[in-house]
Amino acid sequence: MAAKTFLLFLFLSFSLAISLAHAAKPDGQPFSRTLRPQKLGKEKLSHFRFYFHDTVSGSNPSAVRVAEAAATNASTTGFGLVAVMDNPLTVGPQLSSKLIGRAQGMYASASQTELSFLMLFNFAFTEGKYNGSNLSVLGRNGVLSEVREMPVVGGSGLLRFARGYAQARTQERDVNTGDAVVEYNVYVFHY
Ligand SMILES: *[C@@H]1O[C@H](CO)[C@@H](O)[C@H](O)[C@H]1NC(C)=O
Ligand SMILES: *[C@@H]1O[C@H](CO)[C@@H](O)[C@H](O)[C@H]1NC(C)=O
Ligand SMILES: *[C@@H]1O[C@H](CO)[C@@H](O)[C@H](O)[C@H]1NC(C)=O
């Protein structure tokens, strides 16, 4: 008798488990599933080094001011300024050296007490193995510091799953025009 009750109990729990599983995926198609990360292969660490040309002056600037607050011009830090850039990236510090990609995105003056920008942009590579792959950067750029570090929050193409950091060092800056050349060293883990 006890054995029969136990078997019935087993059967009922089993049926319940099955109907719960069906309730969770009514059309038999789950909206998520777990994959084995081994399918991605081995994770690599890459170092990229290039120069970023932020040209704000002249008739053909690569970074343009698109917004500001009423108080922006009176602020010593340009607080409230927003600029959009499509800055060329080259292998050497000269703008005439080989173009390897562009830094596309925006920066906003986000400190009232020092010259510091919120940077929000993509490195879009157009040369070599990483042609067509991109990295996304989101960070704080206190431009008067010798080395600024900004997180790399993701990537696409060969740089999918990228995470790491970018270090920026101003190579030269024209105080009259505001034009700058910045060396970038970017370290990322990716597959
Ligand atoms: C701030 O200065 C810029 C550049 O000189 C000028 O174009 C802009 O109109 C000024 N903005 C305000 C709100 O005064
Ligand atoms: C980069 O990729 C684009 C699109 O596939 C292609 O048109 C271009 O020629 C490539 N550039 C280099 C330098 O290989
Ligand atoms: C990377 O950015 C370039 C240029 O904006 C774009 O053409 C390309 O499709 C992007 N790559 C991927 C893998 O999304």
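Residues numbered from 1 in each chain as written. Chains lettered and ligands numbered in written order. Predicted model: local features only at pLDDT ≥ 70, side-chain atom pairs only at ≥ 80, totals over all residues. Heavy atoms only, no water.

A.B. asks: Which residues make up the pairing of strand β4 (residues 99-109), and what values do they have?
C.D. replies: Successive side chains on a regular strand alternate, one facing one side of the sheet and the next facing the other. Pairing between strand β3 (residues 82-90) and β4: 9 bridges, direction antiparallel. Looking at β4, one finds that P88 is bridged to R102. One ladder, built from 9 bridges, connects β4 with strand β5 (residues 116-125); its direction is antiparallel. Bridge pairing in β5 places G101 opposite F125. As consecutive antiparallel partners, β4 and β5 are separated by 6 residues. (Pairing = 2+ DSSP bridges. Helix = DSSP H or I, 4+ residues; strand = E, 2+ residues; numbered from the N terminus.)

A.B. asks: Before we move on, can you summarise the site of ligand 1 with the specific residues and values?
C.D. replies: Every residue lining ligand 1 is accounted for by R65, E68 and N73. Here a nitrogen atom of ligand 1 and a side-chain polar atom of E68 are 2.9 Å apart. One of the side-chain nitrogen or oxygen atoms of N73 is found 2.2 Å away from an oxygen atom of ligand 1. If ligand 1 stood free it would expose 360 Å²; the protein chains cover 36% of that surface. (Near = heavy atom within 4 Å. Polar contact = N/O pair within 3.5 Å; in protein donor to acceptor, adjacent residues only side chain to side chain. Areas by Shrake-Rupley, 256 points an atom, 1.4 Å probe, with all protein chains shown as cover.)

A.B. asks: Give a description of the site of ligand 2 that names residues and reports values.
C.D. replies: The immediate surroundings of ligand 2 are formed by T126, E127 and N131. Separating an oxygen atom of ligand 2 from a side-chain N or O atom of N131 is a distance of 2.4 Å. Burial of ligand 2 by the protein amounts to 26% of the accessible area it has alone, namely 360 Å².

A.B. asks: So what's going on with the layout of surface pockets? Residues and values would help.
C.D. replies: Volume-wise, the largest pocket comes out at about 590 Å³. Forming the walls of the largest pocket are 28 residues, and the residues nearest its centre are D54, Y107, F117, R173 and G178. Listing elements by their share of the lining of the largest pocket, those giving two or more residues are β1 (44-54), β2 (63-67), β4, β5, β8 (163-173) and β9 (180-190). Across the lining of the largest pocket, the residue classes break down as 15 nonpolar, 9 polar and 4 charged. (1 Å grid on protein atoms, 1.4 Å probe; cavity = no way out; pocket = protein on both sides within 12 Å on 5 of 7 lines; lining within 4 Å. Points joined across faces, edges and corners; volume = space filled by probe spheres on them. Nonpolar A, V, L, I, M, F, W, Y, C, P; charged D, E, K, R; others polar.)

A.B. asks: I'd love a proper account of a nonpolar patch on the surface, names of residues and values included.
C.D. replies: Taken together, the side chains of V64, V66, V84, M106, L118, L120, L138 and V153 define a hydrophobic patch exposed on the protein surface, amounting to about 610 Å² of accessible area. Contributing elements (two or more residues each) for the nonpolar patch: β2 and β5. Turning to its location among the elements, V64 is positioned in strand β2. Look at V64 and you get partly exposed, because its relative accessible area is 35%. (Patch = residues over 30% accessible without salt bridge, like charges linked within 9 Å, V, L, I, M, F, W, Y side chains within 5 Å. Salt bridge = Lys/Arg side-chain N within 4 Å of Asp/Glu carboxyl O. Buried < 20%, exposed > 50% of the residue type's maximum accessible area, 1.4 Å probe, protein only.)

A.B. asks: Run through the packing of aromatic side chains, naming residues and quoting values.
C.D. replies: Each aromatic ring pair is specified by the distance between its two centres and by the angle formed by the two planes. According to the stated counting rule, one finds 14 aromatic pairs in the structure shown. Each ring, one from F121 and one from Y184, has its centre 6.5 Å from the other, and the planes form 75 degrees; the classification is edge-to-face. In this pair, F121 is assigned in strand β5 and Y184 in strand β9, connecting sequence segments 63 residues apart. Here F121 and Y184 have matching classes, each one buried. Ring centres 5.4 Å apart and planes at 75 degrees place the aromatic pair F123 and Y184 in the edge-to-face group. A residue pair is termed long-range when its members are at least 10 positions apart, and F123 in strand β5 and Y184 in strand β9 qualify at 61 residues. Both residues of the pair, F123 and Y184, belong to the buried class. (Phe/Tyr/Trp six-rings, centres within 6.5 Å; stacked < 30°, edge-to-face > 60°.)

All we've got here are geometric facts, nothing functional implied.
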